[in-house]
Amino acid sequence: MFESILGLPLHPLVVHAVVVLGPLAALLLVAYAAVPRWRVGLRIPVLGLALIAAGSAFVADQAGEALMTVRGEPGFDHAEKGELAFISLLVLFLATIAVTVMARPLPAATDIVLPLVIAVAAAGFALFAVTQAGHSGAQSVWQGTFSLGVIGR
């Protein structure tokens, strides 16, 4: 199920969603927590984007495992970093739920601090983990330790 789509390996296709939507969800969560007047309009988009990013990371993780059985270990601890990226985006989704529940649209000044701290911590973790996973994957392809086997067929 997680191996290919239209004859192409699924993992490199889904990874693009993770590296775009993950950081976007992280930044949107911080904006949601930091700017109270945006909360009404951003509530559903921030939740939806965080869910899609976490779901994409799950599919990328599973597709990466399937690809590893066919092509072997990519090196540079990419599999472990990819798993951490999935975990970080799952944490980001859970933090998004927590922040959207606790952050009221028109809060008192003291009500801004805790949601913002949670948002920044979860976003920082997600940005770090997704960047590390993406870098190690690109490094393994660039240095030739891992080939998708698509080019030249």
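Residues numbered from 1 in each chain as written. Predicted model: local features only at pLDDT ≥ 70, side-chain atom pairs only at ≥ 80, totals over all residues. Heavy atoms only, no water.

**Q** Would you mind going over the overall build of the protein chain with me for this structure?
**A** From N to C terminus, the protein chain includes four helices and two strands. For the protein chain, the succession of helices and strands along the chain, N to C, is β-β-α-α-α-α. Sorting the 153 residues of the protein chain into buried and exposed places 39% on the buried side. If you take every contact in the protein chain between residues at least 6 apart in sequence, the share linking residues at least 24 apart comes to 81%. (Helix = DSSP H or I, 4+ residues; strand = E, 2+ residues; numbered from the N terminus. Buried < 20%, exposed > 50% of the residue type's maximum accessible area, 1.4 Å probe, protein only. Contact = heavy atoms within 4.5 Å.)

**Q** Explanation requested: helix H2 (residues 39-71) in the structure shown.
**A** A turn of α-helix holds 3.6 residues, and therefore any two residues three or four places apart point the same way. Along its 33 residues, H2 runs 45 Å from first to last C-alpha, staying within 8% of the 48 Å computed at 1.5 Å per residue. Remark: Gly 72 follows H2 within two positions and exhibits a positive phi of approximately 95 degrees. (Expected span 1.5 Å × (residues − 1).)

**Q** So what exactly am I meant to see when it comes to a nonpolar patch on the surface here?
**A** There is a patch of nonpolar side chains on the surface, built from Ile 5, Leu 6, Leu 8 and Leu 13 and spanning about 410 Å² of accessible area. In this fold, Leu 8 is placed in strand S2 (residues 8-9). Note on Leu 8: relative accessible area 35%, which makes it partly exposed. (Patch = residues over 30% accessible without salt bridge, like charges linked within 9 Å, V, L, I, M, F, W, Y side chains within 5 Å. Areas by Shrake-Rupley, 256 points an atom, 1.4 Å probe, with all protein chains shown as cover. Salt bridge = Lys/Arg side-chain N within 4 Å of Asp/Glu carboxyl O.)

**Q** Help me understand the packing of aromatic side chains in this model?
**A** Two measures describe an aromatic ring pair: the distance that separates the ring centres and the angle between the ring planes. Applying the stated criterion across every chain yields a total of one aromatic pair. Judged by centre distance (5.8 Å) and plane angle (55 degrees), the rings of Phe 58 and Phe 86 are tilted. Residue Phe 58 is found in helix H2, and its partner Phe 86 is found in helix H3 (residues 78-102); the two are separated by 28 residues along the sequence. Look at Phe 86 and you get buried, because its relative accessible area is 17%. The ring centre of Tyr 32 lies 5.9 Å from the NZ or CZ of Arg 39, which sits over that ring. (Phe/Tyr/Trp six-rings, centres within 6.5 Å; stacked < 30°, edge-to-face > 60°. Lys NZ or Arg CZ within 6 Å of the ring centre and 35° of its normal.)

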